[in-house]
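# Examining the three-dimensional arrangement
If you want the building blocks of each chain, they are given just below.
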Amino acid sequence: LRTSPMLNATDAGRDVALSGLITSSVEAIYQAMSSGWTMMLGYSSGKDSESLLHLFLMALIRVVRSGEITSRNHFILHTDTGIENPEVHWLAQKKLAALQRFIDDEKLPLTIVLAKPGITSSWTGRILTGRGLPTFANSSVRQCSNDLKINAAQRAKNAFLEGKRLKGRVCLMLGSRDAESSTRAGNIAKKKGRADTVVKKRDGGELYPVKNWLATDVWEFLLSCGTGSQYPLPSYLENNNETAEMYRAATGECVWTATDKRQNEACGARFGCSLCQDRK
């Protein structure tokens, strides 16, 4: 962080280098853990949640190696909808397997929690039983997301936390960024979201470590992380090239010139569900 020219370069109009953004984000997560918060990360394996995972691991390893007291129940929550794009699903499972090996090797107080919708809440159960219709590509809302993701994730979270006496002490880390869209920035502002400190909520806390990052920052960070000597930053993965290639193949997005795009329609995101209905 101190010596890499690439990480310490600043673009015109910006007064902070990527090294400064990384340092600030890791410090915010570190301070949250040192203050007694149990950290939770909703992990999709997309570029923003992947960046947040890397930052979290940096902070967690710092806490562990310094011998500080921290929660033994930090967790990452990943939801498998059962109808994810096969390539996205394969890469997410590959990353989670690598992450579990890393957790075991480093003896980290971190648990991977997997969520799946129940049979009646699954895409097949929902459609074939007549409980709902498929969400079409031109729908204005994702009606299926409640059953497949939100409710499944909440059940898995509740099951993991049951009996742990952590009520009000779980901090949700979010990968939302102001630069994604004016709507996203407005939503973060309404929640009084901050990148530097945990904002207390009725049932816990929230922290937005990459709130001030741009898409170019995210990609530069991810492509600077790896296990080889050519990478200036560490990673639990050999590198993040497969993530970058997946985005490039999906939209032709160049990771070095990526810009944040406006919000898509319900199923118009770059990585939709495999059974989402075609516009035709």
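Here's a quick rundown of the structure.

About the criteria used
- Residues numbered from 1 in each chain as written.
- Predicted model: local features only at pLDDT ≥ 70, side-chain atom pairs only at ≥ 80, totals over all residues.
- Heavy atoms only, no water.
- Helix = DSSP H or I, 4+ residues; strand = E, 2+ residues; numbered from the N terminus.
- Buried < 20%, exposed > 50% of the residue type's maximum accessible area, 1.4 Å probe, protein only.
- Contact = heavy atoms within 4.5 Å.
- Areas by Shrake-Rupley, 256 points an atom, 1.4 Å probe, with all protein chains shown as cover.
- Pairing = 2+ DSSP bridges.
- Right-handed = clockwise from strand over helix to strand, strands pointing away.
- Axes fitted to C-alpha atoms, helices over the stretch in contact; angles between N-to-C directions.
- Expected span 1.5 Å × (residues − 1).
- Lys, Arg positive; Asp, Glu negative; His and termini not counted.
- Salt bridge = Lys/Arg side-chain N within 4 Å of Asp/Glu carboxyl O.
- Polar contact = N/O pair within 3.5 Å; in protein donor to acceptor, adjacent residues only side chain to side chain.
- Core = buried A, V, L, I, M, F, W, Y, C linked by side-chain atoms within 4.5 Å.
- Phe/Tyr/Trp six-rings, centres within 6.5 Å; stacked < 30°, edge-to-face > 60°.
- Lys NZ or Arg CZ within 6 Å of the ring centre and 35° of its normal.

What follows concerns the overall build of the protein chain. Looking only at helices and strands, one finds nine helices and six strands in the protein chain. A buried classification covers 49% of the 280 residues belonging to the protein chain. In the protein chain, 70% of the contacts between residues at least 6 apart in sequence involve partners at least 24 apart. Only carbon and sulfur atoms are counted for the fraction: they give 50% of the accessible area of the protein chain, which is about 14,900 Å².

What follows covers the pairing of strand 2 (residues 74–79). In terms of burial, strand 2 is largely enclosed, as six of its six residues are buried. Residue alternation in strand 2 divides its side chains into two sets, His74, Ile76 and His78 and Phe75, Leu77 and Thr79, and both sets are buried. Where strand 1 (residues 38–42) meets strand 2, three bridges bridge the pair, whose relative direction is parallel. Bridge pairing in strand 2 places methionine 40 opposite phenylalanine 75. Taken together, strand 1, helix 3 (residues 47–65) and strand 2 constitute a β-α-β crossover, and its handedness is right-handed.

Within the open sheet, the six strands sit side by side as 3-2-1-4-6-5. Their pairing is mixed. The outermost strands of the open sheet, each flanked by one partner alone, are strand 3 (110–115) and strand 5 (199–201). Put simply, the sheet's adjacent strands are angled 25° from each other on average, direction ignored. Bridge analysis of strand 1 against strand 4 (residues 170–173) gives four bridges, and the strand direction is parallel.

Let us look at helix 2 (residues 18–34). With 17 residues, helix 2 ought to run about 24 Å at 1.5 Å a step, and its terminal C-alpha atoms sit 24 Å apart, in line with that. Among all positions in helix 2, only Leu18, Ser19, Leu21, Ile22, Ser25, Val26, Ala28, Ile29, Tyr30, Ala32 and Met33 are buried. Glycine 36 sits one or two positions beyond helix 2 and adopts a positive phi of about 100°.

Tracing the sequence through the fold places aspartate 80 in the loop between strand 2 and helix 4 (86–106). Comment: no salt bridge for buried aspartate 80; closest opposite-charge side chain is lysine 116, at 4.1 Å. At a separation of 3.3 Å, a polar atom in the side chain of aspartate 80 contacts the side chain of histidine 89. Other than its neighbours up to four places away in sequence, aspartate 80 contacts His89, Ala115, Lys116 and Pro117.

In terms of nonpolar packing, the biggest core is built from 53 residues, with Ile22, Ile29, Met39, Trp213, Phe221 and Tyr236 touching the most fellow members. Elements represented by at least two residues in this core include exactly helix 2, strand 1, helix 3, helix 4, strand 3, strand 4, helix 8 (215–222) and helix 9 (241–251). The element contributing the most residues to this core is helix 3, with ten residues. If sequence neighbours within four positions are ignored, isoleucine 29 has contacts with Met39, Leu52, Leu55, Phe56, Ala59, Met173, Leu207 and Pro209. One finds Met40, Val113, Ala156 and Val170 within the second-largest nonpolar core, a separate group that totals twelve residues.

A separate point is the packing of aromatic side chains. Here the structure, examined in full by the defined rule, presents three aromatic pairs. The aromatic ring of tyrosine 30 is capped on one face by arginine 62, whose charged end is 3.6 Å from the ring centroid. Sitting over the ring of phenylalanine 160, lysine 164 keeps its end group 4.3 Å from the ring centre.

What follows covers the pattern of salt bridges. If the charged atoms of two oppositely charged side chains come close together, the side chains can form a pair. Within this structure, the stated rule accounts for ten salt bridges. We note a salt bridge from glutamate 242 to lysine 94, for which the minimum N-O separation is 3.0 Å. In this pair, glutamate 242 is assigned in helix 9 and lysine 94 in helix 4, connecting sequence segments 148 residues apart. With relative accessibility at 39%, the residue lysine 94 sits in the partly exposed group. Between arginine 248 and glutamate 245 there is a salt bridge, with its nearest N and O atoms 2.7 Å apart. Of this pair, arginine 248 and glutamate 245 both sit in helix 9, three residues apart, which is roughly one turn of that helix.

So, about unusual backbone geometry. The phi angle at serine 45 is positive, at roughly 80°, despite the residue not being glycine. As for its position among the elements, serine 45 is in the loop between strand 1 and helix 3. Even without being a glycine, lysine 107 presents a positive backbone phi close to 50°. Tracing the backbone shows lysine 107 in the loop between helix 4 and strand 3. Using a relative accessible area of 66% as the deciding quantity, one classes lysine 107 as exposed.

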